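# Results of the structural survey
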Amino acid sequence: MPMKTIPPGGIIGMLGGGQLGRMTAMAAARLGYRVHVFCPEDDAPALQVCDMHVRGDFLDEKALTGFARNVDVITLEWENIPIKTLEVLSYARPVHPGAAVLRVAQDRVLEKTFARDHGLGTAAFRPVHSATELAAAAKDIGLPALLKSTRMGYDGKGQVLIAPGADMQKAWSDMGAPAGILEALVDFECEVSVIVARRADGAVAAYPPVRNIHRNQILAETRVPAGIAPAVAEEALKAATGMAAALDVVGLLAVEMFVLKQADKDGHRVLVNEIAPRPHNSGHWTIDACGCSQFEQLVRAVCGLPLGTTEPHSRAVMHNLLGSDVDQWQDWLKQPNARLHLYGKAEARPGRKMGHVTVVDKL
């Protein structure tokens, strides 16, 4: 893919107005770029720090075309933007990542199939479209297993743990989607993720694997370094960079993986779980413990600039502030090694990501 360099002073179009767009806009401003946000909300976090907000529906072609004419390049902070939106925008301006990447990232079956087709390990899985198919898949894979909606699920939404003897019709109804994927449970040592930045000319920079700790199926902590064996870290890096290249990603790709206690029958110690072609919650530590944050790296990648360093200069533990956790902001500010980031959200609801704190220490 030919690469166009957009120098500082240019305008980046951002699809979505959440906290990932907010932190990208802040990183872009430091490099001299302006950010225009397209989203349907009036009170989204990114709107507090961007240069312009275009309010519109993601399927409003007239609004999208007007938005595109006033920016130099377009990226996104949410992978479930409609494919049609990217197709409309791409007639006017470069869009990174493109529609082909989102087609895979939006569908858990396609995502895992793509990983398998490129030699990467995944948990055993079966696509299912009814309670009858679910029962057949459960016999094939074995129980317990995890039923997930094929599309749109995140932070545990649209997921049902199925135990032996479970009522398949009830499990199917509880999942609440027309299509699903049944995944075998994995006996893993830990969960890790790798974030890869990639330019249009194929240049790549990958952050080291980090260890993720989830509570109630929502990321609670990210730890750097990950504390895994060098050979396992190398396998995780190879898997993530290989996925980014195979998908032809321009921008960022986050790859979440399971580290197995022992290699599977194909020799994999690392299994790909999910991908996200955007900044990722597990990369927030890079703001305070790395020379170039994931958000600055996204700006560099989509604008065709040299990619930044991915080496940590500090140890770090990132804590998500979920719901009422944000009320502890004063306590965090009293800690000299804590770096507080609040997202400007007005209402704290259970499980809602209100901000994060990164506690740093010397390597």
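In case you missed it, the structure is sitting above this.
Residues numbered from 1 in each chain as written. Predicted model: local features only at pLDDT ≥ 70, side-chain atom pairs only at ≥ 80, totals over all residues. Heavy atoms only, no water.

## Things to note about the overall build of the protein
To keep it simple, the criterion reads: The helix and strand labels rest on DSSP assignments: H or I over at least four residues marks a helix, E over at least two residues marks a strand, and numbering proceeds from the N terminus. Only the C-alpha atoms count toward the radius of gyration. The rule for a globule is 2.2 Å times the residue count to the power 0.38. Burial classes: relative accessible area under 20% of the type maximum marks a residue as buried, over 50% as exposed, and values in between as partly exposed (1.4 Å probe, protein chains only). Contacts between residues were defined by any pair of non-hydrogen atoms, one from each residue, lying within 4.5 Å. In this tally, Asp and Glu contribute negative charge and Lys and Arg positive charge; neither His nor the terminal groups of the chain are included. For charged residues, the charge sits on one atom: NZ in Lys, CZ in Arg, CG in Asp, CD in Glu.
Along its length, the protein carries 11 helices and 17 strands. Computed over C-alpha atoms, the radius of gyration of the protein comes to 20 Å, within 12% of the 21 Å expected from 2.2 N^0.38 for 363 residues, which places it in the range of a compact globule. By principal-axis analysis of the C-alpha atoms, the protein measures approximately 60 × 50 × 40 Å. Sorting the 363 residues of the protein into buried and exposed places 56% on the buried side. Once local pairs closer than 6 in sequence are excluded, the contacts in the protein between residues at least 24 apart make up 62%. The centroid of the 38 positive side-chain charges in the protein is displaced by 3 Å from the centroid of its 40 negative side-chain charges.

## Structural notes on a nonpolar patch on the surface
Heads up, the rule is: In this scheme, patches are assembled from residues that exceed 30% relative accessible area and form no salt bridge. Like charges are connected within 9 Å, while nonpolar side chains (Val, Leu, Ile, Met, Phe, Trp, Tyr) are connected within 5 Å. To be clear on the numbers: accessible area is Shrake-Rupley with a 1.4 Å probe, and residue cover counts the displayed protein chains and nothing else. Salt bridge, as applied in this entry: a Lys or Arg side-chain nitrogen positioned within 4 Å of an Asp or Glu carboxyl oxygen.
On the surface, W329, L333 and L342 cluster together into a nonpolar patch covering about 290 Å² of accessible area. Positionally, W329 belongs in helix α11 (residues 329–333). Residue classification places W329 among the partly exposed positions, given a relative accessible area of 38%.

## Details of the side chain of R278
Test applied: Contacts described as polar in this section are N or O atom pairs within 3.5 Å, which, within protein, must combine one atom able to donate a hydrogen with one able to accept it, while residues neighboring in sequence count only if both atoms come from side chains.
Relative to the elements of secondary structure, R278 occurs in the loop between β14 (270–276) and α9 (286–289). There is a polar contact of 2.4 Å between the side chain of R278 and the side chain of E79. Excluding residues that lie within four positions of it along the chain, R278 makes contacts with L20, L76, E77, W78, E79, L252 and A254.

## Re the pattern of salt bridges
Scanning all chains against the criterion turns up 19 salt bridges. For E183, the salt bridge is made with K148, and the minimal N-O distance between the two is 3.2 Å. With E183 in strand β8 (residues 180–184) and K148 in strand β6 (residues 145–149), this residue pair connects regions lying 35 residues apart in the sequence. Accessibility classification places E183 together with K148 in one group, the buried group. Between E274 and K148 there is a salt bridge, with its nearest N and O atoms 3.7 Å apart. Pair noted here: E274 is in strand β14 and K148 is in strand β6, with a separation of 126 residues, a long-range link. You can call K148 buried: its relative accessible area is 4%. Each of R108, K112, K148, E183 and E274 takes part in a single network of salt bridges with overlapping partners.

## Considering the packing of aromatic side chains
Note the cut-off: Pairing of aromatic rings covers Phe, Tyr and the six-membered ring of Trp, with a centre-to-centre limit of 6.5 Å; geometry is then stacked below 30 degrees between planes, edge-to-face above 60, and tilted otherwise.
Tallying each qualifying case throughout the model produces 4 aromatic pairs. Between F38 and F58 the ring centres are 5.7 Å apart and the planes differ by 40 degrees, which places this aromatic pair in the tilted class. Of this pair, F38 sits in strand β2 (residues 34–39) while F58 sits in the loop between β3 (52–55) and α2 (61–69), and the two are 20 residues apart along the sequence. Relative accessible area serves as the criterion here: at 0%, F38 is assigned to the buried category. Here F58 falls in the buried class, since its relative accessible area comes to 11%. Seen in terms of ring centroids, F38 and F67 are 5.4 Å apart; in terms of plane orientation they differ by 65 degrees. Their pairing is edge-to-face. Placement of the pair is F38 in strand β2 and F67 in helix α2, with a sequence separation of 29 residues. Overall, F67 belongs to the buried group, its relative accessible area being 2%.

## Details of the state of the cysteines
To keep it simple, the criterion reads: To count as a disulfide, a pair of cysteine sulfur atoms needs to be within 2.5 Å.
Enumeration according to the criterion identifies 0 disulfides in this entry. Its sulfur unpaired, C290 is 7.0 Å from the next cysteine sulfur, which belongs to C292. Look at C290 and you get buried, because its relative accessible area is 5%.

## A closer look at the packing of helix α6 (residues 131–141) against helix α7 (residues 168–175)
As a reminder of what qualifies: To obtain each axis, a line is fitted to C-alpha atoms, and for helices this fit is confined to the stretch in contact; angles are then taken between N-to-C directions over 0 to 180 degrees. Small angles under 35 degrees read as roughly parallel and large ones over 145 as roughly antiparallel, with 65 to 115 read as roughly perpendicular and the rest as oblique. Each crossing is labelled by how the near helix is turned from the far one, with a counterclockwise turn of less than a right angle marking it left-handed and a clockwise turn marking it right-handed. Any residue outside Ala, Val, Leu, Ile, Met, Phe, Trp, Tyr, Cys, Pro, Asp, Glu, Lys and Arg is labelled polar, Gly included; the first ten of those are nonpolar and the last four are charged.
Contact pair α6 / α7: the axes reach a minimum separation of 9 Å and the direction vectors enclose 115 degrees. As far as their axial angle goes, α7 and α6 are roughly perpendicular. Along this stretch, α6 crosses α7, giving a crossing that reads as right-handed. Judged by residue contacts, A131, L134, A135 and A138 of α6 engage M168, Q169, A171 and W172 from α7. Its residues assigned to classes, the contact of α6 with α7 comprises 7 nonpolar, 1 polar and no charged.

## Points about the environment of K238
Along the chain, K238 falls in helix α8 (residues 230–247). A relative accessible area of 63% places K238 in the exposed class. Taking C-alpha positions, K238 is 35 Å from G176, a pair spaced 62 residues apart along the chain.

## Notes on the nonpolar core
This is how it is decided: The term nonpolar core refers to a set of buried residues drawn from Ala, Val, Leu, Ile, Met, Phe, Trp, Tyr and Cys, joined through side-chain atoms within 4.5 Å.
By size, the foremost hydrophobic cluster in this structure holds 38 residues, and its most contacted members are I12, Y33, V35, V37, W285 and C303. Secondary-structure elements contributing two or more residues to this core are β1 (11–15), α1 (19–30), β2, β9 (188–198), β12 (218–224), β13 (251–260), α10 (294–302) and β15 (314–322). The element that contributes the greatest number of residues to this core is α10, accounting for 4 residues. If we skip the residues at most four places from it in the chain, C303 touches K4, T5, I6, I12, Y33 and V73. In this structure, A115, A239, L247 and V272 belong to the second largest nonpolar core, which totals 28 residues.

## Description of the sheet that holds β1
Using the following cut-off: Note on pairing: DSSP must find at least two bridges between two strands before they are called paired.
The strand order across the open sheet formed by 4 strands is β3-β2-β1-β4, and the pairing between neighbours is parallel. Both outer strands of the open sheet, β3 and β4 (73–76), are each paired with one neighbouring strand and no more. With direction set aside, neighbouring strand axes in the sheet form an average angle of 25 degrees. Relative to β2, β1 runs parallel, the two being bridged by 5 bridges. Bridging across to β2, I12 finds its partner in V35. Against the sheet, α2 engages β1, β2, β3 and β4, with an angle of about 175 degrees to β2.

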